[in-house]
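# Architecture at a glance
The primary structure of each chain is shown beneath.
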Amino acid sequence: MLENLNNKLKQLSQELVGLQVKDLVNKKGVKFKKLSSSEKKKLKTLFQELEEQVNQFVQKTQEKAEDKVEDVEDKTRTTLRDVVKKRKEGK
């Protein structure tokens, strides 16, 4: 389930980055046929960097969400026996 959600987020982020690049290019009136090869490489590099940043952000937010779920699970699974045991170990 979490992996499926992660894949959907990655796909969505890639689409959003692609739309941002297309929107920027359209606003400036740039036609891809008129771009030199070095300009195309720069644009491709920029796109890849943006995509990498988005993927890192998605991964960090997913890790934080997983940590929160684990924290909640740990808190809810504490039994009275565990609490007494911890108190004895602390003394």
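Within every chain, residues take consecutive numbers counted from 1 along the sequence as written. Confidence filtering applies because this is a predicted model: local features only for residues at pLDDT of at least 70, side-chain atom pairs given and counted only at 80 or more, and all residues used for totals across whole chains, interfaces and linings. Processing note: side-chain calculations cover all non-hydrogen atoms of the structure and skip hydrogens and water entirely.

## With respect to the overall build of the protein chain
The helix and strand labels rest on DSSP assignments: H or I over at least four residues marks a helix, E over at least two residues marks a strand, and numbering proceeds from the N terminus. Scanning the protein chain for helices and strands turns up three helices and zero strands. The helix and strand sequence of the protein chain, counted from the amino end, reads α-α-α. Exposure was quantified through the Shrake-Rupley algorithm and a 1.4 Å probe, taking into account, for residues, occlusion by the shown protein chains and nothing else. Carbon and sulfur atoms make up 54% of the accessible area of the protein chain, which totals about 8500 Å².

## Regarding the confidence of the model for the protein chain
Predictor confidence is given residue by residue as pLDDT, running from a minimum of 0 to a maximum of 100. Here the protein chain averages 76 in pLDDT, while 81% of its residues score no lower than 70. Highest mean pLDDT in the protein chain belongs to helix H3 (residues 80-90) (84); lowest belongs to helix H1 (residues 2-28) (74).

## Section: the environment of Gly 18
If you trace the backbone, Gly 18 turns up in helix H1. In sequence terms Gly 18 and Gln 48 are 30 residues apart; their C-alpha atoms lie 10.0 Å from each other.

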